[in-house]
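Commentary on secondary and tertiary structure
Chain by chain, the residues run as shown.
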Amino acid sequence: MNVSAHAPETHALQKTELQAQVVRALSAHLPTDALLWNREDTTPYECDGLTAYRQRPLVVALPETEAQVAAVLRTCHAMGVPVVARGAGTGLSGGAMPHAMGVTLSLARFNQIVQIDPRSRTATVQCGVRNLAISEAASPHGLYYAPDPSSQIACTIGGNVAENSGGVHCLKYGLTLHNVLKVRGFTIEGEPIEFGADALDNAGYDLLSMVIGSEGMLAITTEVTVRLIPKPLLARCIMASFDDVRKAGDAVAAVIAAGIIPAGLEMMDKPMTAAVEDFVHAGYDLNAEAILLCESDGTPEEVEEEIGRMSEVLRHHGATAIAVSQNEAERLRFWSGRKNAFPASGRISPDYMCMDSTIPRKRLADILLAIQEMEKKYQLRCANVFHAGDGNLHPLILFDANDPDQLRRCELFGADILETSVAMGGTVTGEHGVGVEKLNSMCVQFSPEENAQMFGIKRAFDTKELLNPGKVIPTLQRCAEYGKMLVRGGRLAHPELPRF
C-alpha cells in the first residue's frame, strides 16, 4: 500500500490496517523485540529535542545488523512507506520527528567502535556511537575527535553527520564535514552506498560533502570513519567580562581581525550567564552584560603567546575583567557553564526553543540588540549563547508549550530572528539543521528555483521521496501559504526580503 497519497485525516481504521501490514512485513526480518507499535511503546519516539512538535510513528524498528537495515528499507520502499532515521533524539530542529504513516528507524543499537587506527589517526565507528565515546576510545593513543557539540555526552555520530554538527571548538578545528573521511550506509531501496574514502581525496563528485548535513533525506548512515587529532599539550581559557554587548561583539571581530584563530570563542549574554551560574557555579560575572570565553591550545609556548595577544585585544575593546584559567580543572569549570546552557535554560522555563542561525561576526551586537526588542514585541524571554567566533547564534526562547498563544508567539519570535539574520547577511541555518522548525524560514532565503534544485538532488537518491519526507526543503505551496500567513498576521518583519 502506498501511503504517499494519504491525507493527514486518514481514518483510524485505515491507519490500523496499514500498521498491521507493516508489522507483518517487517516481522519477517526483525525479531519481536525489535518492533514497536503499541501507543505506550512508540510515544517516547514522538519528538526529538524540539519538544514543541510531536507525532507518534506508525511503527518503530530497531535493527541490530546492516542486513536488517537493508531489509527494512527494501520492505518500506516496496510498500511506499516513509522512513525517518533516528539516533539519540538530541536534535533541536524536529528532524527526527516521526511520520504518522511511516516507520521510525532507530539506529541506537549500532553502538560499536569498529576500529581505532592510531597510525592513520582515524576511527571507524557505527552510527549509534556517542560523540564523546570516540574521544574516550582514542584517548589512550593521545588522540581525540575534535567536533564537540554541547550534547556530545549523548548525541551520536550518525546524527552529527545528518546535521553537520559543530561545537565550541569548531572555529579552529571545523565542523563534522571537515572531520569525516567516509560514510557508509544504504539507499531507500536497501542498496549499500559509500561516500568518501579512507584516503584524503576520492575520485568523482564530492558526494560526501552533500550527504553530510542532508538530514536523513538522501541515505541511511550505518558506519562513519572520522579523523582523529593529537591532544594539545596545553589548553587555557580566558573569561572576559563586558559591560556592553556591543563592546563584546566588537571584541570578537577584533580577535579574528588580529589574525588569531582561538580554539574556541563563545559569547553569553546576561540572562544566560545568570541561568548557568545558578546551575553549575562556574564563577561567572553576574554583573556583566556579556561574557566571552576564548580558548588557546597547543604547545605551552604557543598558548602563552596567544593568551597574551588575545588578552590585549580584549582589554583594548573594553573588557572590564579578565580571568585566565591556571589549571585544567579551572579551564573545565569556565567551560562548564557554556556546555550546560541548554539544561540550565530548562530549569528556568517549562520549555524553550533553541534557534540556530548564522550572521557575519561584525553584526553580533546588532542581532543581540534586535533580539532584546523582539522580547518586548512578543512578550517572551530569550537567553543567548553564541558560537561567536563563526557567528553561529543559539538564542533560546523561553515559553510554555501548554499555552497555545505562547507557542504561537514563540514561533513568530523564532521566525523573526531567522529573518533578521538573513537581512544582516546571514543564513537561517547553522548546525542544528532545518527539520520542521525552519521550513517556513527557508522560503525567505531560497527561491522556488533553488528549492527545485534541492528537490532534484533528493529525487536522484530517493525517487519516491520516502526518506524523511515533508522536511528541510519547502514546497512552492508551503512558501505561498507562509507568505499569506505573514500578511494575515500583519507581520512582515523585513519587507526588503524576497517573498517567494
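Residue numbers here run from 1 along each chain, matching the order of that chain's written sequence. Totals for whole chains, interfaces and linings use all residues, but because this is a predicted model, local features are given only for residues with pLDDT of at least 70 and pairs of side-chain atoms are given and counted only at 80 or more. Side-chain descriptors were evaluated using all non-hydrogen atoms of the structure, hydrogens and water having been removed beforehand.

Regarding the sheet that holds strand S4 (residues 103-106)
Note: strands within a sheet are paired through backbone hydrogen bonds, in either parallel or antiparallel orientation. Worth spelling out the cut-off: DSSP-based pairing: two strands are paired if at least 2 bridges between them are found. Each helix corresponds to a stretch of at least 4 residues labelled H or I by DSSP, and each strand to a stretch of at least 2 residues labelled E; elements are numbered beginning at the N terminus. Contact definition: two residues touch when any of their heavy atoms are within 4.5 Å. Only C-alpha atoms enter the line fits that serve as axes; for helices the fit covers just the stretch in contact. Angles between N-to-C directions range over 0 to 180 degrees.
Judged by pairing direction, the sheet is mixed, and its four strands sit side by side in the order S1-S2-S4-S3 without closing on themselves. Since the sheet does not close on itself, it has two edges, and those belong to strand S1 (35-36) and strand S3 (83-86), each with one partner. Relative to S4, strand S2 (residues 59-61) is paired through three bridges, and the arrangement is parallel. Pairing of Val60 across the sheet is with Thr104, part of S4. Lying over the sheet, helix H1 (residues 12-26) contacts S1, S2 and S4, oriented at roughly 15 degrees with respect to S2.

Structural notes on the environment of Asn202
How we decide: Per-residue accessibility, obtained with a 1.4 Å probe over protein chains only, is compared with the maximum for each type, and a residue is labelled buried under 20%, exposed over 50%, and partly exposed between these values.
Following the sequence through the fold, Asn202 ends up in the loop between strand S9 (192-196) and helix H7 (207-211). Using a relative accessible area of 28% as the deciding quantity, one classes Asn202 as partly exposed. Considering only alpha carbons, one finds Asn202 and Leu181, 21 residues apart in sequence, at a separation of 9.7 Å. Residue contacts for Asn202: discarding those within four places in its chain leaves Gly196 and Ala197.

A short note on empty space enclosed by the protein
Quick note on the threshold: A cavity here means a set of points on a 1 Å grid, drawn over the protein atoms and nothing else, where a 1.4 Å probe fits but cannot get out; a pocket is an open set with protein on both sides within 12 Å along at least five of seven lines, and a residue lines either one if it has an atom within 4 Å of a point. Grid points are joined across faces, edges and corners, and a volume is the space filled by probe spheres set on the points.
Summed over the entire model, instances satisfying the criterion amount to two cavities of 30 Å³ or more. Looking at the second largest cavity, its volume works out to about 30 Å³. Forming the boundary of the second largest cavity are Gly167, Val168, Cys170, Leu171, Leu265, Glu266, His387, Ala388, Gly389 and Asp390. Listed by contribution, the elements that provide at least two residues to the lining of the second largest cavity are helix H6 (170-173) and strand S13 (264-269).

Some thoughts on the sheet that holds strand S10 (residues 220-227)
Within the open sheet, the five strands sit side by side as S5-S6-S10-S8-S9. Their pairing is antiparallel. Because the sheet does not close on itself, it has two edges, and the strands there are strand S5 (113-117) and S9. Between one strand axis and the next, the sheet turns by 10 degrees as a mean value, whatever way the strands run. Strand direction decides the pairing type here: strand S8 (residues 180-186) and S10, joined by six bridges, are antiparallel. Its bridge partner lying in S10, Val183 is registered against Val224. In this fold helix H3 (residues 66-79) packs onto S8 and S10, with an angle of close to 55 degrees to the strand it touches most, S8.

Points about helix H14 (residues 404-423)
Count 3.6 residues to each turn of an α-helix, and residues three or four apart come out pointing the same way. Operational definition: By this rule, a helix spans an expected 1.5 Å times one less than how many residues it contains. For the purposes of these results, a polar contact is taken to be a pair of N or O atoms within 3.5 Å, where, inside protein, one atom must be able to donate a hydrogen and its partner to accept one; residues adjacent in sequence count only when each atom of the pair is a side-chain atom.
Under the 1.5 Å per step criterion, the end-to-end length of H14 is 29 Å for 20 residues, consistent within 8% with the ideal 28 Å. Counting buried residues along H14, 15 of its 20 residues qualify, which places the element largely inside the surrounding structure. For H14, the N-terminal capping position is held by Asp403, with its side-chain oxygen 3.0 Å away from the main-chain nitrogen of Asp405.

Remarks on the packing of aromatic side chains
This is how it is decided: When the centres of two rings from Phe, Tyr and Trp lie within 6.5 Å, Trp using its six-membered ring, the rings pair. Their planes under 30 degrees apart give stacked, over 60 give edge-to-face, and anything left gives tilted.
Tallied over the full model, the rule gives three aromatic pairs. Taken together, a centroid distance of 6.3 Å and an interplanar angle of 40 degrees make the contact between Phe195 and Phe461 tilted. Highlighted residues: Phe195 in strand S9 and Phe461 in helix H16 (residues 448-461), separated in sequence by 266 residues. Phe461 shares its class with Phe195; the two are buried. Seen from their ring centres, Tyr378 and Phe413 are 5.4 Å apart, and the 25 degrees between their planes marks the pair as stacked. Of the two residues, Tyr378 is situated in helix H13 (residues 364-378) and Phe413 in helix H14; the sequence distance between them amounts to 35 residues. Comparing Tyr378 with Phe413 shows no difference in burial state: the two are buried.

Describing the pattern of salt bridges
Counted only if it meets this: The working definition used for a salt bridge is a side-chain nitrogen of Lys or Arg within 4 Å of a carboxyl oxygen of Asp or Glu.
Applying the stated rule across the entire model yields 25 salt bridges. The partner of Glu64 in a salt bridge is Arg109, and the shortest N-O contact between them spans 3.3 Å. In this pair, Glu64 is assigned in the loop between S2 and H3 and Arg109 in the loop between S4 and S5, connecting sequence segments 45 residues apart. Overall, the relative accessible area of 46% leaves Glu64 in the partly exposed class. With relative accessibility at 29%, the residue Arg109 sits in the partly exposed group. In this structure, the salt-bridge partner of Asp416 is Lys377, at a minimum N-O distance of 3.5 Å. Highlighted residues: Asp416 in helix H14 and Lys377 in helix H13, separated in sequence by 39 residues.

Digging into H3
For H3, which comprises 14 residues, the first-to-last C-alpha distance of 20 Å matches the rise-based estimate of 20 Å (1.5 Å per residue) to within 8%. Taking burial as the measure, the 14 residues of H3 include ten buried ones, the bulk of the element. All of the buried residues along H3 are Gln68, Val69, Ala70, Ala71, Val72, Leu73, Thr75, Cys76, His77 and Met79. The secondary structure elements touched by the buried residues of H3 are H1, S2, S3, S4, S8 and S10. Directly beyond the C-terminal end of H3, a positive phi value near 70 degrees is found at Gly80.

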